[in-house]
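Understanding the architecture of this molecule
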Amino acid sequence: LAPCPHASNQEAVLVRSYKEVDRCQEPNKLFRLLFSGQSDFEEGFSDTGVVLFLGGDQLNAIILGFRLGFQTLIYAESAVMWPQFASRYLLREPKLLQSVPAQLQSRCRVTGDLFLDAVTLDGGANESPLQTAASDALHSLCQPPNNLKPKRLVALLPGSKPAKLS
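The numbers attached to residues start from 1 for each chain and follow its sequence in the written order. The predicted origin of the model limits local features to residues at a pLDDT of at least 70 and limits the giving and counting of side-chain atom pairs to 80 or more, whereas totals for whole chains, interfaces and linings rest on all residues. For the side-chain quantities, the full set of heavy atoms in the structure was used; hydrogens and water were omitted.

**As for the environment of Q58**
Which entries qualify depends on this criterion: Secondary structure elements are defined from DSSP: runs of H or I of at least 4 residues count as helices, runs of E of at least 2 residues count as strands, and each element is numbered from the N terminus. Every residue pair with non-hydrogen atoms within 4.5 Å of one another is taken to be in contact.
Position of Q58 among the secondary structure elements: in helix α3 (residues 58–68). For the pair Q58 and W82, spaced 24 residues apart in the sequence, the C-alpha separation amounts to 7.5 Å. Non-local contacts of Q58, meaning those with residues more than four positions away in its chain, are made with F53, I74, A76, A79, V80, M81, W82 and Y89.

**Quick notes on the environment of R107**
This is how it is decided: Residue exposure (1.4 Å probe, protein chains only): buried if accessible area is under 20% of the type maximum, exposed if over 50%, otherwise partly exposed. Whenever a nitrogen or oxygen atom comes within 3.5 Å of another N or O atom, the pair is scored as a polar contact, on the condition that within protein one atom can donate a hydrogen and the other can accept it, and that pairs from neighbouring residues in sequence are kept only if both atoms are in side chains.
Within the secondary structure, R107 sits in the loop between β3 (88–91) and β4 (108–110). According to the relative accessible area criterion, R107 is partly exposed, its value standing at 29%. Contacts of R107, omitting those with residues within four sequence positions, involve P83, Q84, F85, A86, S87, R88 and Y89. A polar side-chain atom of R107 sits 3.3 Å from the main-chain carbonyl oxygen of Q84.

**Things to note about the pattern of salt bridges**
Here is the rule we go by: Only one rule defines a salt bridge in this text: a Lys or Arg side-chain nitrogen within 4 Å of an Asp or Glu carboxyl oxygen.
Here the structure, examined in full by the defined rule, presents three salt bridges. For R16, the salt bridge goes to E26, with nearest N and O atoms at 2.9 Å. Taken together, the positions of R16 in helix α1 (residues 11–16) and E26 in the loop between α1 and α2 (30–36) put the pair ten residues apart, joining distant regions of the chain. A residue is classified by how much of its surface remains accessible, and E26, at 30% relative accessible area, is partly exposed.

**Re the side chain of S87**
Take S87: it is sitting in the loop between β2 (71–76) and β3. Here the side chain of S87 touches T72 through a polar contact of 2.9 Å, landing on its backbone nitrogen.

**Re the packing of aromatic side chains**
Filter applied, for reference: Pairing of aromatic rings covers Phe, Tyr and the six-membered ring of Trp, with a centre-to-centre limit of 6.5 Å; geometry is then stacked below 30 degrees between planes, edge-to-face above 60, and tilted otherwise.
Scanning the entire structure with this criterion turns up two aromatic pairs. Between F31 and F35 the ring centres are 6.4 Å apart and the planes differ by 10°, which places this aromatic pair in the stacked class. With a gap of four residues between them, F31 and F35 both fall in helix α2, about one helical turn apart. For F35, a relative accessible area of 56% gives the class exposed. Note on W82 and F85: the rings are 6.2 Å apart at their centroids and 45° apart in plane angle, and the pair reads as tilted. A residue is classified by how much of its surface remains accessible, and F85, at 53% relative accessible area, is exposed.

**Points about the pairing of β3**
What counts here: By this definition, two strands are paired if DSSP reports at least two bridges between them.
Examined bridge by bridge, β2 and β3 share four bridges and lie parallel to one another. When the bridges of β3 are listed, L73 appears paired with R88. Inspection of the sheet shows β3 paired to β4 by three bridges, in the parallel sense. Opposite L90, over in β4, you have R109 as the bridge partner.

Structural data, given as structure tokens:
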């Protein structure tokens, strides 16, 4: 988890409650991992994986992806900061693509607003366009070559900004 001034400090507890989560590192340990490669996990990290970035400072995801040798999938809400270093970008709106150099635009996909467009009106019976686009992008990055084991996913989760939740 990345540090966030809007966090409730209960994010690690929540993340650990998901059975799909193998492990979670506390926000106060992120910079040690980014700059020294040291984590709280004895077994370290897999040789392959994806860093999924959903909010905060995009540079954290870039550095973590570089440090671990993982690809990076970054959701950009208001700016595409590091298109030359990210594997893929998911963009909130089409105008964000204007700031991306033409030769890097193929790495970007407009998916919609993470907070609004992921909601379906049919109780979840059908995926929203954002869910479909995000799932497709993540699936393409996580495809193991030649039927090898699936890659691991590392996610940097956003904090809880009251203005975005109300």
